Amino acid sequence: MSANTSLLDLYLDATIIANPVERSTVIQNIVNVLKEYSLDKKYEIKMSDGVLLLLTVENGSLSAVLRTHLNGLITLTLEEGSSSSFLTNICSSNEKVLQGVEELRKRLNKAVQKRVDRIPILKRGLEVPNYFSSSDERIFEYDFDKLVFQADSPFQNVKILHSPTFGNTLFLDDLQNLAESDLSYTHGLMKYGELSYKDQEILILGGGDGGLLHELLKEKPKFITMVDIDQLVVDACREHLRGACFDSLDKLKGDNYEVIIGDCVKKMDEYMKEGKMFDFVFSDLTDIPIATEPEGELWKFVKKIVTMALQVLKPRGRFLSHATGIGCVDALQEYEKMLRKLPTKVEFRSHSAFVKSFLEKWVFYEIWEI
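Just so you know, these numbers come straight off a predicted model, no measurement behind them.

Enquirer: Help me out: how do you make sense of the UniProt feature "active site" (unreviewed entry) in the chain in this one?
Expert: Here, UniProt's "active site" (unreviewed entry) annotation points to Asp284. Take Asp284: it is sitting in strand β17 (residues 278–284). Every residue in contact with Asp284, bar those within four places of it in the chain, is listed here: Tyr185, Leu189, Leu205, Gly206, Gly207, Asp209, Leu212 and His322. One polar contact links Asp284 to Tyr185, side chain to side chain, over a distance of 2.6 Å.

Enquirer: Got a minute to help me understand the sheet that holds strand β13 (residues 201–206) in this structure?
Expert: Strand pairs in the sheet, formed through backbone hydrogen bonds, run parallel or antiparallel to each other. What the 8 strands build is an open sheet, ordered β15-β16-β14-β13-β17-β18-β20-β19; its pairing is mixed. Two strands in the sheet have a free side with no partner beyond their single neighbour: β15 (253–254) and β19 (346–355). Relative to strand β18 (residues 313–325), β17 is paired through 5 bridges, and the arrangement is parallel. Within the sheet, the bridge partner assigned to Phe278 lies in β18 and is Leu313. The sheet contacts of helix α10 (residues 297–311) involve β13, β17, β18, β19 and β20 (360–369), and relative to β18 the element is tilted by about 160°.

Enquirer: I would appreciate a short explanation of the side chain of His240 in the present structure.
Expert: Within the element layout of this structure, His240 appears in helix α7 (residues 231–240). Given the relative accessible area of 16%, His240 is considered buried. When sequence neighbours within four positions are dropped, the list of residues in contact with His240 reads Val148, Phe149, Ile160, Asn168 and Glu180.

Enquirer: Just checking my understanding: could you explain the pairing of β13 for this structure?
Expert: The two faces of a sheet get side chains in turn, since along a regular strand they alternate between them. Along β13, 6 of the 6 residues are buried, which leaves the element largely enclosed by surrounding structure. Taken together, the 5 bridges between β13 and strand β14 (residues 223–228) define a ladder with parallel strand orientation. Within the sheet, the bridge partner assigned to Leu203 lies in β14 and is Thr225. In this fold, the crossover linking β13 to β14 by way of helix α6 (residues 211–217) has right-handed handedness. With 5 bridges joining them, β13 and β17 adopt parallel strand pairing. Paired with Leu205 across the two strands is Ser283, which belongs to β17.

Enquirer: Please clarify how unusual backbone geometry should be interpreted in this entry.
Expert: When glycine is set aside, most residues are seen to have a negative phi, and most peptide bonds are trans. For Asp174, which is not a glycine, the phi torsion comes out positive at approximately 65°. Along the chain, Asp174 falls in the loop between β11 (167–172) and β12 (175–179). Judged by its relative accessible area of 40%, Asp174 is partly exposed. Located in the positive-phi region is Lys220, a residue other than glycine, with phi close to 60°. If you trace the backbone, Lys220 turns up in the loop between α6 and β14.

Enquirer: In this structure, what is going on with the state of the cysteines? I would like to understand it.
Expert: Applying the stated criterion to the full structure yields 0 disulfides. Left unpaired, Cys237 is separated from the closest cysteine sulfur, that of Cys245, by 6.5 Å. We classify Cys237 as buried; its relative accessible area is 0%.

Reading guide: rules and limits
- Residues numbered from 1 in each chain as written.
- Predicted model: local features only at pLDDT ≥ 70, side-chain atom pairs only at ≥ 80, totals over all residues.
- Heavy atoms only, no water.
- UniProt positions renumbered as here; feature names shortened; annotations may be inferred.
- Helix = DSSP H or I, 4+ residues; strand = E, 2+ residues; numbered from the N terminus.
- Contact = heavy atoms within 4.5 Å.
- Polar contact = N/O pair within 3.5 Å; in protein donor to acceptor, adjacent residues only side chain to side chain.
- Pairing = 2+ DSSP bridges.
- Axes fitted to C-alpha atoms, helices over the stretch in contact; angles between N-to-C directions.
- Buried < 20%, exposed > 50% of the residue type's maximum accessible area, 1.4 Å probe, protein only.
- Right-handed = clockwise from strand over helix to strand, strands pointing away.
- Disulfide = S-S within 2.5 Å.

Structural data, given as structure tokens:
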């Protein structure tokens, strides 16, 4: 079962769309091009902001939806099933799909004498999901070729996909988490090479993929405590993400580390009552929200984590956290506003690193109390 979605955008003047006669002429020119591929108009619907047309071939294997917009944009969406002859109608059988849609773009451009853009073809019905979004909601198409693991825990959907480019890659609720190729993420979070972890006491909040734990253990710390709420994530990564965690999750307790399956908020509350303190606290939990206002439960959670982490830090201790993609400017600004309004006065600095499987630069923070 498969299908392709081909998208084309035609850029006309708003005055043309607003004029019924000129609009009708343009639409007819487009329809004439589509008729060359056996697409016939079936329905026309007048809408408050334009016109919508549905065209299909006789056997229904190909459909086209044409819609005009008052701002001058015309969108054309073509859906074809695996049995469609659309591509062979517009290009020879040994040519690629992309060339066929490009030929259609050229014909439409000639028909309307205006700019026509082709958006990359979306492949539908794939056995392995390949479309995910960036931190600022841009679409990425990956090369995942195998569903390695998938299950629902009490907290989230856990998925590990294999990519020839990135290796096995962890997704939590379909959000990119870590790939075996993503050492730059872990080193970015650690400020690798700039901070010393030798003989230090360290707390990791989250981090169930084991990547951060593995890299920190190389630094010969005094002791690392890692607290992650999801046993399923830890188990899945132990087996399927060994290019990131290696053998660090094989045992949940070693000479200088312990992995605790539990709620990190409750654990930090225990530490505060006990007076237990750390030299470094890492937050490897959720990304900061994409929002222009610091509202909602997720923002409250982010603020709570920072506030509590600062309370279990030793004097001169450091809180290190990832944030979000560098393109989420508003969210990063809100995060920094939140830091400035914390009950405890802090200083902070940010840095970024390109993370391969994220396909974007990721921002990290180092925060300390003053």
